[in-house]
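Below, each chain spelled out in residue letters.
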Amino acid sequence: MSRIKTIMRSDPDCNIISQDAVYLVTKATEMFIEFLGKEAAKTTINTKRKTVMKRDVDSAIDQVSHLCFLEGALEWQ
Amino acid sequence: MAEKLEDLNLPNASVQKIIKDALPESVNIGKDARSALSRAASVFVLYVTSQASKEAQKSHRKTLMGQDVLNALEELEFEEFLEPLQELHKSFQDSKKQGKNPKKKNASTDDVEMVEEIEDSAEENLEEEAAD
């Protein structure tokens, strides 16, 4: 949870963050990872593979409309 | 700010655990996919935080509250997360209220007990070290 707090604090617009805000963002992020993981796995299973690859994650991002904020974000090094 | 990019990533082990629990037994996760998910999660945190701070500003507040996070998620079309998060938010707030015990005597007793526990375990550690 403290790593999440660090990331949140790096936002310049963000000053004071309440404990319950950090808690909720942490939980939401866990749910997000689960959600994205499952979406990516759908592609993996559809193509009859057993290992989720990065391209499955990319495919999930393309398919789920509100994941558009991730487009291009995964090309960092 | 000399922050390395790695510092803005989430701990790998935690991400791995969440993914493993989410996926069926027969499916594995590749290293690339795991780090992609990890980075996606960091971006998600920033995205939600940014939206939540806009929500706070709308209400003329400087402090980011839990409700701002919930509103932000709704704005960002993550409504499916809202219901469970609202439950969690409620139980988090309830447990915080319980923590603030109105009876001062009990509160100080709890503190003393906690301190005693820490001291006991410290003593045990010392004993173990002495035995070695």
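Residues numbered from 1 in each chain as written. Chains lettered and ligands numbered in written order. Predicted model: local features only at pLDDT ≥ 70, side-chain atom pairs only at ≥ 80, totals over all residues. Heavy atoms only, no water.

Regarding the UniProt feature "domain: Transcription factor CBF/NF-Y/archaeal histone" (unreviewed entry) in chain B
And step 1. Taken from the UniProt record, the annotation "domain: Transcription factor CBF/NF-Y/archaeal histone" (unreviewed entry) applies to residues 9–73 of chain B.
And step 2. A distance of 21 Å separates the end C-alpha atoms of residues 9–73 of chain B, which is 72% helix and 6% strand. (UniProt positions renumbered as here; feature names shortened; annotations may be inferred. Helix = DSSP H or I, 4+ residues; strand = E, 2+ residues; numbered from the N terminus.)

Quick look at the domain arrangement of chain B
Residues and elements named next belong to chain B.
And step 1. Taken as a whole, chain B is organised into domain 1 (1–76) and domain 2 (78–132).
And step 2. It is Leu70, Leu73 and Glu74 in domain 1 that bury the most area against domain 2; as a group they hold 65% of the surface buried on that side.
And step 3. Seen at the junction of domain 1 and domain 2, the total is zero salt bridges.
And step 4. Our count for the contact surface shared by domain 1 and domain 2 stands at two residue pairs in polar contact (both at pLDDT 80 or more).
And step 5. Ranked by residues supplied to the side of domain 1 that touches domain 2, first place goes to helix α3 (residues 66–75) with five residues.
And step 6. Broken down by class, the residue content of the side of domain 1 that touches domain 2 amounts to four nonpolar, two polar and one charged. (Domains from an automatic or database assignment. Buried area = accessible area lost by both parts, 1.4 Å probe. Salt bridge = Lys/Arg side-chain N within 4 Å of Asp/Glu carboxyl O. Polar contact = N/O pair within 3.5 Å; in protein donor to acceptor, adjacent residues only side chain to side chain. Nonpolar A, V, L, I, M, F, W, Y, C, P; charged D, E, K, R; others polar.)

A look at the packing of aromatic side chains
Any aromatic ring pair is given by two values, namely how distant the centres are and how the planes are angled relative to each other.
And step 1. As enumerated under the stated definition, the model contains 11 aromatic pairs over all chains in all.
And step 2. Taking 4.1 Å as the distance between ring centres and 20° as the angle between the ring planes, the aromatic pair formed by A:Phe69 and B:Tyr47 counts as stacked. One end of the pair, A:Phe69, is in the segment after α3 (54–63); the other, B:Tyr47, is in helix α2 (residues 31–58), on a second chain.
And step 3. Put simply, the rings of A:Phe32, A:Phe35, A:Phe69, B:Phe44, B:Tyr47, B:Phe78 and B:Phe81 pair up and form one aromatic cluster. (Phe/Tyr/Trp six-rings, centres within 6.5 Å; stacked < 30°, edge-to-face > 60°.)

Observations concerning the environment of A:Gly37
And step 1. Considering the arrangement of structural elements, one finds A:Gly37 in helix α2 (residues 19–46).
And step 2. Judged by relative accessible area, which is 4%, A:Gly37 ranks as buried.
And step 3. Through-space distance from the C-alpha of A:Gly37 to that of A:Met53 is 10 Å; in sequence the pair is 16 residues apart.
And step 4. When residues no more than four places from it in sequence are discounted, the contact partners of A:Gly37 are B:Leu23 and B:Leu37. (Buried < 20%, exposed > 50% of the residue type's maximum accessible area, 1.4 Å probe, protein only. Contact = heavy atoms within 4.5 Å.)

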